[in-house]
Amino acid sequence: MKLSIYQMEILPGDPQGNFKKVSAWVEKEVQNSKPDLIVLPEMWTTSYTLEDIHIHADENGKDTLPFLQTLAKTYRVNIIGGSFANKVNGKVFNTAPVINREGEVVYQYDKVHLVPMLNEPKYLAGGQKVPEIFELDGVKMGVIICYDLRFSEIIRPLALEGAEVLFIVAEWPLARLNHWKNIQITRAIENQMFVVSCNNVGAYDGVTFGGTSMVVNPWGDTLIQGSEKAEETLSISINVEETLEVRKKVPVFSSRVRHLYKQGL
Ligand SMILES: NC(=O)CCC(=O)C(=O)O
């Protein structure tokens, strides 16, 4: 499976400008590397312009979803559509859409864990459902949004349900870059899955975002890593069957002693 990750510098509060950027990037990337799947960062239509988010948010995804669906259908490419400010019944959610090559929205996830360090709880509403598995090209996958990475309790169930790839769409600050890198590697090792992340670069309102988008294999090796500051594309092929090999070598899942664990996990 060939992946292209857009480590993007988002234009703050300018959804139309960001649509243009993404459209031009996808067109170029499809010509350059013919990916099976592309990945965008968190809140890529607006960035963290939270004070004005009610103005910039997209009502029920009426602009963002058709935009991504048209790209997917035109280029026959699967899209992990980062996330966008999605206004539903007057509340703004941080919503991650997943679109298949046919242009169908196969899954949508509203960020459950709102990040206090970026003031999300003041401006956004939290999703009420933990992430679920979806399939693209017959591969089971999951998607989480940035701060969610710190909560292993929503990631383990995805692995137990057979996810082989976990996507993290993010706007993760440079200030906590060591957490970003190390937790991704940990999640890949403990769940024996690929971890694929897409972070942004640039700064907004005094916060500098740290790039360093990554692809980590189920053994915990970092296969590719973006720089901290530059807008760039990470392009790489992964073999999802490696997940099975690692799970055979170190059979963590069959060694579990479930009846002793709390929460029935
Ligand atoms: N956008 C985010 O969720 C940032 C998360 C973060 O800053 C952290 O976990 O640290």
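Under the annotation held in an unreviewed UniProt entry, the chain carries the name Putative amidohydrolase and is attributed to Cytobacillus oceanisediminis. Word for word, the UniProt comment on the chain under Sequence similarities (unreviewed entry) is "Belongs to the carbon-nitrogen hydrolase superfamily. NIT1/NIT2 family."

Here we come to the environment of glycine 13. With respect to the helices, strands and loops of the structure, glycine 13 is situated in the loop between strand 1 (2–7) and helix 1 (15–33). For glycine 13, the contacting residues outside a window of four places in its chain are Thr46, Thr49, Asp52 and His56.

Moving on to the site of the ligand. Near the ligand, the surroundings consist of 13 residues, among which Val115, Cys146, Tyr147, Glu171 and Arg176 are the closest. Here the residues of the shell around the ligand are counted per class, giving eight nonpolar, one polar and four charged.

Turning to unusual backbone geometry, a few remarks are in order. Positive phi values are uncommon outside glycine, yet methionine 43 reaches one of about 45°. With respect to the helices, strands and loops of the structure, methionine 43 is situated in the loop between strand 2 (37–39) and helix 2 (53–56). By C-beta crowding, methionine 43 is classed as buried, having 31 other C-beta atoms within 10 Å. Backbone geometry at asparagine 89 places phi at a positive 50°, although glycine is not the residue there. Along the chain, the position of asparagine 89 falls in the loop between strand 5 (84–88) and strand 6 (91–99). With 7 C-beta atoms counted inside 10 Å, the residue asparagine 89 sits in the exposed group.

The terminal C-alpha atoms of helix 1, which comprises 19 residues, lie 26 Å apart, in line with the 27 Å expected from a rise of 1.5 Å per residue. Taken together, the buried positions of helix 1 are Asn18, Val22 and Val26. Along helix 1, the residues classed as buried sweep out an arc of 70° about the axis, all on the same side. In helix 1, the exposed positions angled more than 90 degrees off the buried face are occupied by Gln16, Lys20, Ala24, Lys28, Gln31 and Asn32. At its buried positions, helix 1 is contacted by strand 2 and helix 3 (64–75). Of the residues flanking the end of helix 1, it is lysine 34, one or two places downstream, whose phi is positive at about 45°.

So, about the sheet that holds strand 15 (residues 222–225). Strand order in the open sheet formed by six strands is 8-9-10-11-14-15, and the pairing between neighbours is mixed. Since the sheet does not close on itself, it has two edges, and those belong to strand 8 (134–136) and strand 15, each with one partner. Strand-to-strand, the axes of this sheet are offset by a mean angle of 20°, without reference to chain direction. Strand direction decides the pairing type here: strand 14 (residues 214–216) and strand 15, joined by three bridges, are antiparallel. Across the sheet, the residue bridging to valine 216 is threonine 222, located in strand 15. Across the face of the sheet, helix 6 (residues 177–191) comes into contact with strand 10 (165–169), strand 11 (194–198), strand 14 and strand 15 while running at roughly 155° to strand 11.

Cut-offs used in this document
- Residues numbered from 1 in each chain as written.
- Predicted model: local features only at pLDDT ≥ 70, side-chain atom pairs only at ≥ 80, totals over all residues.
- UniProt positions renumbered as here; feature names shortened; annotations may be inferred.
- Helix = DSSP H or I, 4+ residues; strand = E, 2+ residues; numbered from the N terminus.
- Contact = placed C-beta atoms within 7 Å.
- Near = placed C-beta within 6 Å.
- Nonpolar A, V, L, I, M, F, W, Y, C, P; charged D, E, K, R; others polar.
- Buried ≥ 20, exposed ≤ 12 C-beta atoms within 10 Å, placed from the backbone.
- Expected span 1.5 Å × (residues − 1).
- Arc of directions from axis to C-beta.
- Pairing = 2+ DSSP bridges.
- Axes fitted to C-alpha atoms, helices over the stretch in contact; angles between N-to-C directions.

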